[in-house]
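Analysis of the macromolecular model
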Amino acid sequence: MNVHVPVSHEHLDPKDGSFAKDVVAGLSQQPKKLSPKYFYDEKGSKLFEQITLLPEYYPTRTELRILRDRGAEIAAAIPPNAALVEFGAGATTKVRLLLQNCSFGAYVPVDISGDFLNGQASALREDFPNLAVYPVTADFTTPFDLPPEVKDMPKVGFFPGSTIGNFDPHEARAFLRSARAILGDGATLIVGVDLEKDERVLHDAYNDAAGVTGKFNLNVLARINRDLGGNFDLSGFRHSAIYNHARHRIEMHLISRKAQTVRILGHKATFRSGETIHTESSYKYSIERFAALARSSGWAPRATWTDPDGMFSVHALVAEDRD
Ligand code: AVJ
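From a predicted model like this one, the values you see are computed outputs, not experimental measurements. (Residues numbered from 1 in each chain as written. Predicted model: local features only at pLDDT ≥ 70, side-chain atom pairs only at ≥ 80, totals over all residues. Heavy atoms only, no water.)

Things to note about helix H6 (residues 114-127)
If you check H6, its first and last C-alpha atoms are 20 Å apart, about what 14 residues at 1.5 Å a residue would give, namely 20 Å. Taken residue by residue, H6 has Gly 114, Leu 117, Gln 120, Ala 121 and Leu 124 as its buried positions. Along the axis of H6, the buried residues cluster in a sector spanning 125°; they form a single face. Exposed side chains of H6 directed beyond 90 degrees from the buried face belong to Asp 115 and Glu 126. (Helix = DSSP H or I, 4+ residues; strand = E, 2+ residues; numbered from the N terminus. Expected span 1.5 Å × (residues − 1). Buried < 20%, exposed > 50% of the residue type's maximum accessible area, 1.4 Å probe, protein only. Arc of directions from axis to C-beta.)

As for the site of the ligand
Surrounding the ligand, one finds 13 residues, the nearest of these being Tyr 57, Gly 161, Tyr 206, Glu 280 and Ser 282. Take Ser 282: an N or O atom from its side chain is 2.7 Å from an oxygen atom of the ligand. Its free accessible area being 350 Å², the ligand has 96% of it covered by the protein chains. For the shell around the ligand, the secondary structure elements donating two or more residues are helix H2 (42-53), helix H9 (212-228) and strand S12 (276-283). Across the shell around the ligand, the residue classes tally to 7 nonpolar, 5 polar and 1 charged. (Near = heavy atom within 4 Å. Polar contact = N/O pair within 3.5 Å; in protein donor to acceptor, adjacent residues only side chain to side chain. Areas by Shrake-Rupley, 256 points an atom, 1.4 Å probe, with all protein chains shown as cover. Nonpolar A, V, L, I, M, F, W, Y, C, P; charged D, E, K, R; others polar.)

Examining unusual backbone geometry
Residue Pro 31 is reached from Gln 30 by a cis peptide bond, and omega for that bond is -5°. Along the chain, the position of Pro 31 falls in the loop between helix H1 (16-28) and strand S1 (32-33). If you check the backbone angles, Leu 265 has positive phi at about 55° while not being a glycine. Its location among the elements puts Leu 265 in the loop between strand S10 (260-264) and strand S11 (267-271).

So this is what it looks like as structure tokens:
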């Protein structure tokens, strides 16, 4: 591929260099695709918050219920005075449940967005005055150093929300191996994983009656228009979410309603009528399939908690000794 990407967009923040490259590369592929990590601009983050409140979208409230109801058991799986390392820092609701139930020596939120992190860190410092908070600005899918202050503490990683479900299995393994390397020997990892279930329930969770998920999906095109000077006509695309049985995943797509050509930076993307952009995969696991994935990535499953209906799971994994 040889696409010229103009670099004269001074209003872009540094990470948008890769945003531009990713978008142009993804729309040049067949089938076309965009990474779900680009959903979360300010508007997209607000729409996601709305999704978590929808009656059809069970994952967030179910995971919160597990963390609340099984808090004592989760606490028992965690060593005292550990450093809690959260991969990606969203709303603080979930981590607060862990911080209330367990006695941690430090909290290390890791996120690519420094602004967001610092706001979150100061709110937590107010509510947990005895907790040392050391935010790290980093892309948690690549190796980073933990703050020296937590070097001698036991490490507990936290990766809630079934964010791991956005990764293809080989990426999920790469993440788990990288987390193993970052957290080190003896570490524990608490990870939230959405479970395979009745297809109707999955379908409705990603095709809500109020249409919020559709807005969330289409918003990535608005973001491309704004940040990369694109000219997507949002009314020329429709939201679609289908369950792919063979791959155990919900797929979100944006489907072109007509033959059309869209400009992004110096690049042209041509769409056939009905052609899709694959914008997200959300993998669903059985407990056994997730345990196997963990074992193949340097982690031994130690405990699993689910809600009474078996909708969602929270796993405690322990780092296996190397070699
Ligand atoms: C934040 C990745 C867990 O896959 O359910 C919600 C994102 N996409 N509705 C998910 C999402 C559409 C969500 N994760």
